[in-house]
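For reference, the chains in residue letters:
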Amino acid sequence: MSRKINLTLKVWRQKNASSSGRFETYEAKGIDTDASFLEMLDVVNEQLEKRGVEPIAFDHDCREGICGMCGAVVNGMAHGPEKETTLCQLHMRKFKDGDTITIEPWRANGFPIVRDLVCDRSAFDRIISAGGFIGVRTGQAPEAHSVPVGKDKADWAMDAAECIGCGACVAACPNASAMLFVSAKVTHLNVLPQGQPEKNKRVLGMVSQMDAEGFGNCSNHYECEAACPKGISVKNIAKMNRDYLAAAIKA
Amino acid sequence: MSSNGLDSRVPSGPIAEKWTRHKFDMKLVNPANKRKYTIICVGTGLAGASASASLSELGYKVKTFCIQDSPRRAHSIAAQGGINAAKNYQNDGDSVYRLFYDTVKGGDFRAREANVYRLAELSVNIIDQCVAQGVPFAREYGGLLDNRSFGGAQVSRTFYARGQTGQQLLLGAYSALMKEVAKKGVELYTRREMLDIIVIDGKARGIVVRNLITGKLESHVGDAVILATGGYGNVFYLSTNAKACNVTAAWRAHKKGAYFANPCYTQIHPTCIPVHGDYQSKLTLMSESLRNDGRIWVPKKQGDTRSPDQIPDAERDYYLERKYPSFGNLAPRDISSRSAKEQCDAGRGVGSTGQAVYLDFRDAINRLGKDVIEARYGNLFQMYDRIVDNDPYKVPMMIYPAVHYTMGGLWVDYNLMSNLPGLHVLGEANFSDHGANRLGASALMQGLADGYFVIPYTIGHYLASNKFEPIGADHAECKNAEAEAKKRIDTLLSIKGKRTVDDFHRELGLLCWDKCGMGRNKAGLEEALQKIPAIREEFWSNVTVVGSGEELNQSLERAGRVADFLEFGELMVRDALHREESCGGHFREEHQTEDGEAKRDDANFCYAGAWEFSGIGSTPNLHKEQLEFNEVHLATRSYK
Amino acid sequence: MITKLAPFFRSSVFKKQLVAITGLILVGFIIVHLAGNFIIFLGPDAFNHYSATLHAVPELLWIARVILIVAAIVHIYFTIVLTIENRKSGGAGRYAVKTTHGETNFAKKFMILTGLLLFFFLFLHLADFTLGEKTVEQTTLKGVDLGLYGLVWNSFLNPFRVVVYLAAVWCVGMHLSHGIQSMFQSIGFYHNRYTPQIRSASLVLGAVIAAGFSLIPVVIIVRHLMGGPTV
Ligand SMILES: Cc1cc2nc3c(=O)[nH]c(=O)nc-3n(C[C@H](O)[C@H](O)[C@H](O)COP(=O)(O)OP(=O)(O)OC[C@H]3O[C@@H](n4cnc5c(N)ncnc54)[C@H](O)[C@@H]3O)c2cc1C
Ligand code: HEM
Ligand code: HEM
Ligand code: SF4
Ligand code: F3S
Ligand code: FES
């Protein structure tokens, strides 16, 4: 059953990439526990706007946990405290009346802050450009059934492909490393028969772009896996490491 | 084939050969010349991403734009259920012809036959293409592709990737796009919102966009423009669409001369999570695939407040199975949605608001076991539980219809070009293939068919058939369009009223839902037609948008979109008012059979209605494209 | 060749793999070293014989030492490089509310610290038993020259040294509790069933190795208090 709760929000406000930010405190009163976290921010924003205060900028689009656009660090945790849940799918019933909630953007050198809770994740796109695809041109494809894919491989590829590119793994990693994201894409394509011809090129290219973007290195903390809203496994990091070593040896 | 000057340019010949012949008849651009052409593509959903990638592969220079921070986040990502293709892998009698037939019938005979046939024909290539890209479709133990069935079809032809088909297809198209970005064939512009279209010498030559981070207005010019900007379902405020879905791109093109066809054709999806509070910002779809195993029912008694497990079978009304025995729970969307409304209007709805029906998996779990159901729908069940805080393995889900898809859109000919030369419209943004109702799993198919396999041919024909004066982004038309966009932004910022943008949006949305939603009637539509201009007027005098135009300003972005919805909503209502018949998603209460089924009027309304803009507040001109049905004969749709 | 390989040495993944491979060599040494040290419990003869055997073929010993030294240098160099890079990535400790999703732990966070402490410990340790001049005074126990055995025994009669050694071996234990499973992950070994086992084994092994090494000074002190070895 839904209830109404009152909260205190400490929100990171930063005007743009070059200005320095600080925390502002806002009262969020009468929040319905059935509301999502973003709906709670909507309510707060409407109140701010009515007072002539600039609303809190935050990224979002689908609001159903699939586009990967939303995300903030809530009380120190990327996407908040609930396991395998994006911020848009986190509901206020997970909080208690009177709670203070601290909300910050993803912080990492690879993700410069754009404004308030919004950061720039275009590094991920550049990493995909560096090899996160199968180089087939439109019209070149053979009949879909000409290459059967064992269910185990298909399932693994799908598990890895579930990554929504939200960046929570980077936000949660003590090293701000993008290994989980990168490995999810490498694995998705490298386990499939269709991905074999470009397997080595892919892993080398994507890792080198990842490094160039200023993300940290992985020291196997596994925080990323725990924060990932899609439960992407660090098994993929191991697979990428293995593919990388194999590619390096062959090179 | 044409009326009032609307030439659909459908090629002659037997339906099965039209596309093949047309491909041969169209002019080609020779490979060396392709790179001399620049194509502007707005949108990176299935339609836009696949088009951009394919055109770049051919050698054209492509500039691609989207609102989100990454092309991968376009709204297509949210599609859950699947994509149709006439592969007949199940050996259950599917064929290109049957898919074509189902789609025309499903669209309630308001789609253009030739387009639908081409769509069915290309569906098989789409699956091949996506598999080659590494899209991890569900497979059987033998390693071959699995299928499921979807509403409105009696064969199993839907390919899927768990409950994330749209995501996987989009990631496939996105990866193809990013491959071309790396090769510098595509220049990618993210966090850009298109605010106007640039028309020079009667041809669409470019766009004006706002850089959403810096607020700067930029003009981009080329030789042809593609809009793949999705649907306008958010005119209803609450819908299953992503928050950034808008009508702005299409509407601004409309104001520059492109006709808007059938805006009243909106699809209400039967299986969504019911509305639960006024803070609610969007509705969540539960994939239609759930209807494969879930049974829909309401208590037979009005106002029955017992918990569902206390209601014995004899006191439940499985109304879809009862009314439509051959399709049962898989009846098409418009029919399922309306039936749910009927039950709730009759006081048999469930849940705290009485605006919900049960979708029950009890029998399927007993028959197949929880594991099987979990493997099929695990993520959907989890999503439901998270939102509603109820475990659907134990308690039946509660569902209610919600706005989901818009069949109407910019009018296009067989080549997917609008009446404005050079302006091509793909995917949900055009009106072409679904008539008055879209079958499940057909939107993804259409977006990809348009982008991968149609536009690469037809745009070449347009480019080869026309001469283009070289122009730059400093052309007077660009400057004019930029100035106009700037003026609009400045106005929005200067009003400094009392009501928020969302407040207006909610008001408009509720009005549209009440008067132009699942059921429509003359009085209601006329009332809406009175009220919308009034809301619009208040908006332009009492909206508040805090902040400036030279920075990331999300309220300003929304304000611009809502302003367009306020103009567009009027057209949608007007279209619904003029169409004095019921067809597909457009149900005019005055036009129904005795048992409450939609009654079409083929004698008077067998046309696509394309509206021409004639100024805000002034009555637009209607152009009719008469529809001919030579293959699938006009008949009353029956799913009994 | 060098230019072809250069990109790999700049890659985060490959650097990490060098750390893992050298870590594996070091772990191998540690385990053998622990086993060797346990011979001390068999008495002076056995232990001195073991030491003599090690030194019997100097070439072999030196090959082993070179491998070890190279491994240690590579290990240390790259761990320092990685750590510096990680500090620059905008990572650690950057949020106002400091918490985790429950995976990271003390051992993981302080790898560089435990590693560096070990590095300093090594100087002391080599000075103690390997490089230092072994005077008869130091090797003699109860008037009998017991060689290396006597040296080790006498060394641990100094409480300061015992404390340092205990600290060091618990650093080793902590380092390895994360290090061992991490090594598998870094070189790409992951198995749905075995990996969880490897992760727990890593924790256990870290503790066992630390406890094993600790046993030596502890047993020596206890036996000293009980009257010393029977010579
Ligand atoms: C919840 C849900 C589930 C669905 N499930 C299915 C399904 O199972 N099967 C099926 O076939 N269909 C399904 N559909 C329908 C289908 O997903 C959409 O119709 C289809 O994806 C639309 O694709 P598109 O490429 O036309 O547009 P979109 O994916 O909507 O992309 C629009 C693009 O245009 C850009 N854009 C929009 N406006 C502007 C502007 N002004 N300036 C710049 N860029 C702009 C956006 O940034 C975006 O990149 C579903 C829809 C929803 C809402
Ligand atoms: C209680 C703990 C320890 C004891 C009693 C001990 C004892 C010894 C002894 C007796 C030697 C000399 C062997 C010989 O010359 O034959 C030695 C050498 C050595 N020890 Fe230890 N050790 C301990 C812990 C450690 C630890 C924790 C490390 C590493 C981190 C270590 C690294 C070494 C090295 C590198 C050598 C030199 C081997 C060589 O000669 O090449 N020791 N140790
Ligand atoms: C002497 C100085 C040492 C330093 C400074 C040091 C430092 C480190 C650091 C910082 C790491 C983590 C690297 C990362 O994950 O990014 C690490 C990993 C590791 N270390 Fe050490 N270490 C030292 C000695 C040792 C010794 C003596 C051993 C073996 C007994 C050892 C075994 C390992 C292992 C197995 C790993 C895991 C490798 C991996 O994660 O792949 N280290 N070391
Ligand atoms: S791996 Fe998980 S946390 Fe990282 S981007 Fe993908 S979905 Fe987000
Ligand atoms: S948390 Fe960071 S250290 Fe590696 S295992 Fe995950 S990327
Ligand atoms: S808004 Fe799309 S994942 Fe949260």
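Remember, it's a predicted structure, so these values are computed and weren't measured experimentally. (Residues numbered from 1 in each chain as written. Chains lettered and ligands numbered in written order. Predicted model: local features only at pLDDT ≥ 70, side-chain atom pairs only at ≥ 80, totals over all residues. Heavy atoms only, no water.)

Side note on the overall build of chain C
- Secondary structure summary: chain C contains 10 helices and 2 strands in total.
- Each helix and strand of chain C, ordered N terminal to C terminal, gives the series α-α-α-α-α-α-α-β-β-α-α-α.
- Considered along the principal axes of its C-alpha atoms, chain C spans approximately 60 × 45 × 35 Å.
- By the burial criterion, 39% of the 231 residues in chain C qualify as buried.
- Restricting the contact set of chain C to residue pairs at least 6 apart, pairs at least 24 apart contribute 75%.
- Total accessible area computed for chain C in this model is approximately 12700 Å², and 74% of it derives from carbon and sulfur atoms.
- Of note, chain C has its 17 positive side-chain charges centred 20 Å away from the centre of its 8 negative side-chain charges. (Helix = DSSP H or I, 4+ residues; strand = E, 2+ residues; numbered from the N terminus. Buried < 20%, exposed > 50% of the residue type's maximum accessible area, 1.4 Å probe, protein only. Contact = heavy atoms within 4.5 Å. Areas by Shrake-Rupley, 256 points an atom, 1.4 Å probe, with all protein chains shown as cover. Lys, Arg positive; Asp, Glu negative; His and termini not counted. Charge placed at Lys NZ, Arg CZ, Asp CG, Glu CD.)

Notes on the coordination of the iron atom of ligand 2
Residue and element names in this part refer to chain C.
- Distances from the iron atom of ligand 2 to its protein donors, His33 (NE2) and His125 (NE2), fall at 1.9 to 2.1 Å.
- Coordination at the iron atom of ligand 2 is octahedral, judged from the 6 donor atoms that bind it and the angles of 87 to 178° they form at the metal. Here His33, found in helix 2 (residues 12–38), pairs with His125, found in helix 6 (residues 111–131); they are 92 residues apart in sequence, far enough to count as distant.
- Accessibility expressed as a relative area gives 14% for His125, which makes it buried. (Donors = N, O, S within 2.8 Å, 3.2 Å for Na, K, Ca; no water. Tetrahedral: all angles 85-135°; square planar, octahedral: opposite > 155°, others 65-115°.)

Let's talk about the interface of chain A and chain C
- Between chain A and chain C, the contact holds 49 residues from the first and 40 residues from the second.
- A buried area of about 3600 Å², summed over both sides, lies between chain A and chain C, and 52% of it is on carbon and sulfur atoms.
- At the surface where chain A touches chain C, the tally comes to 0 salt bridges.
- Remark: the boundary between chain A and chain C carries 33 residue pairs in polar contact (both at pLDDT 80 or more).
- When contributions to the side of chain A that touches chain C are tallied by element, the ones reaching two or more residues are strand 4 (77–78), strand 5 (100–104), helix 4 (168–172), helix 6 (199–212), helix 7 (223–227) and helix 8 (235–250) of chain A.
- Here the side of chain A that touches chain C takes 8 residues from helix 8 of chain A, the largest share from any one element. (Buried area = accessible area lost by both parts, 1.4 Å probe. Salt bridge = Lys/Arg side-chain N within 4 Å of Asp/Glu carboxyl O. Polar contact = N/O pair within 3.5 Å; in protein donor to acceptor, adjacent residues only side chain to side chain.)

Things to note about the interface of chain A and chain B
- In this complex, chain A contributes 79 residues to the contact, which on the side of chain B involves 74 residues.
- The contact between chain A and chain B buries some 6300 Å² in all, and 51% of this surface belongs to carbon and sulfur atoms.
- Linking chain A with chain B are 10 salt bridges.
- With a shortest N-O distance of 2.8 Å, Arg191 of chain B and Asp59 of chain A are connected by a salt bridge.
- Our count for the contact surface shared by chain A and chain B stands at 46 residue pairs in polar contact (both at pLDDT 80 or more).
- If you list the elements that add at least two residues to the side of chain A that touches chain B, you get helix 1 (37–50), strand 6 (113–115), strand 7 (118–119), helix 2 (122–129), helix 3 (151–161) and helix 5 (179–191) of chain A.
- Split by residue class, the side of chain A that touches chain B holds 35 nonpolar, 17 polar and 27 charged. (Nonpolar A, V, L, I, M, F, W, Y, C, P; charged D, E, K, R; others polar.)

Some details on the coordination of the iron atom of ligand 3
Residue and element names in this part refer to chain C.
- Within the protein, His75 (NE2) and His175 (NE2) serve as the donor atoms for the iron atom of ligand 3, at 2.0 Å.
- Residue classification places His75 among the buried residues on the basis of a relative accessible area of 13%.
- The exposure class of His175 is buried, given its relative accessible area of 14%.

Considerations on the site of ligand 5
- All residues adjacent to ligand 5 are Cys173, Pro174, Asn175, Ser177, Cys218, Ser219, Asn220, His221, Tyr222, Glu223, Cys224 and Ile237 of chain A.
- Of the residues assigned to the shell around ligand 5, the class counts are 6 nonpolar, 5 polar and 1 charged. (Near = heavy atom within 4 Å.)

Some details on the site of ligand 2
All names here are of chain C.
- Surveying the vicinity of ligand 2 reveals 22 residues, the closest of which are His33, Asn37, Ser51, Arg65 and His125.
- One nitrogen or oxygen atom from the side chain of Ser51 is found 3.2 Å from an oxygen atom belonging to ligand 2.
- Measuring from a nitrogen atom of ligand 2, one finds a side-chain N or O atom of His125 at 2.6 Å.
- For the shell around ligand 2, the secondary structure elements donating two or more residues are helix 2, helix 3 (44–56), helix 6, helix 8 (147–155), helix 9 (159–187) and helix 10 (194–225).
- Of the residues that constitute the shell around ligand 2, the class distribution is 15 nonpolar, 6 polar and 1 charged.

Brief notes about the sheet that holds strand 1 (residues 4–13) of chain A
All names here are of chain A.
- Reading across the sheet, the 5 strands line up as 2-1-5-3-4 and stay open at both edges, with mixed pairing between neighbours. Whereas interior strands pair on both sides, the edge strands pair on one side only; in this sheet they are strand 2 (22–32) and strand 4.
- Where strand 3 (residues 73–74) and strand 5 come together, 2 bridges link them in antiparallel fashion. Along strand 5, the bridge assignment pairs Val74 with Ile103.
- Against the sheet, helix 1 contacts strand 1, strand 2, strand 3 and strand 5, and its axis sits at roughly 105° relative to strand 2. (Pairing = 2+ DSSP bridges. Axes fitted to C-alpha atoms, helices over the stretch in contact; angles between N-to-C directions.)

Points about the sheet that holds strand 9 (residues 203–211) of chain B
All names here are of chain B.
- A sheet is described by the order of its strands in space; here 3 strands give the open sequence 8-9-10, paired in antiparallel fashion. The outermost strands of the open sheet, each flanked by one partner alone, are strand 8 (192–200) and strand 10 (217–221). For this sheet, the mean inter-axis angle between neighbouring strands, taken without regard to orientation, is 25°.
- In terms of strand pairing, strand 8 meets strand 9 through 8 bridges, oriented antiparallel.

Regarding the environment of Arg3 of chain A
Residues and elements named next belong to chain A.
- Summarising the element assignment, Arg3 is placed in the segment before strand 1.
- Residue Arg3 is classed as partly exposed on the basis of its relative accessible area, which comes to 43%.
- Counting along the chain gives 213 residues from Arg3 to Gly216, while the straight-line C-alpha distance between them is 42 Å.
- If sequence neighbours within four positions are ignored, Arg3 has contacts with Ile31, Asp32 and Thr33.

Some points on helix 1 of chain A
All names here are of chain A.
- Between its first and last C-alpha, helix 1 extends 20 Å over 14 residues, near the 20 Å set by a 1.5 Å rise per residue.
- For helix 1, the complete set of buried residues consists of Phe37, Leu38, Glu39, Met40, Leu41, Asp42, Val44, Asn45, Glu46, Leu48 and Glu49.
- The first or second residue beyond helix 1 is Gly52, which carries a positive phi of 80°. (Expected span 1.5 Å × (residues − 1).)

Digging into the arrangement of the chains
- Considering every one of the 2 pairs of chains in contact, the largest contact total is recorded for chains A and B.
- What separates chain B from chain C at the closest point of their C-alpha atoms is a distance of 19 Å, and the two make no contact.

Here we look at the pattern of salt bridges
All names here are of chain B.
- Overall, the coordinates contain 81 salt bridges over all chains when judged by the stated rule.
- Of the charged contacts in the structure, one is a salt bridge between Glu288 and Arg333, with a shortest N-O distance of 2.3 Å. Placement of the pair is Glu288 in the loop between strand 13 (266–272) and strand 14 (295–299) and Arg333 in helix 9 (residues 333–345), with a sequence separation of 45 residues.
- Between Arg316 and Asp313 there is a salt bridge whose closest N-O contact spans 3.8 Å.
- Look at Asp313 and you get partly exposed, because its relative accessible area is 41%.
- Several salt bridges converge on common partners, so that one network encompasses Arg295, Asp313, Arg316, Glu321, Asp360, Arg362 and Asp363.

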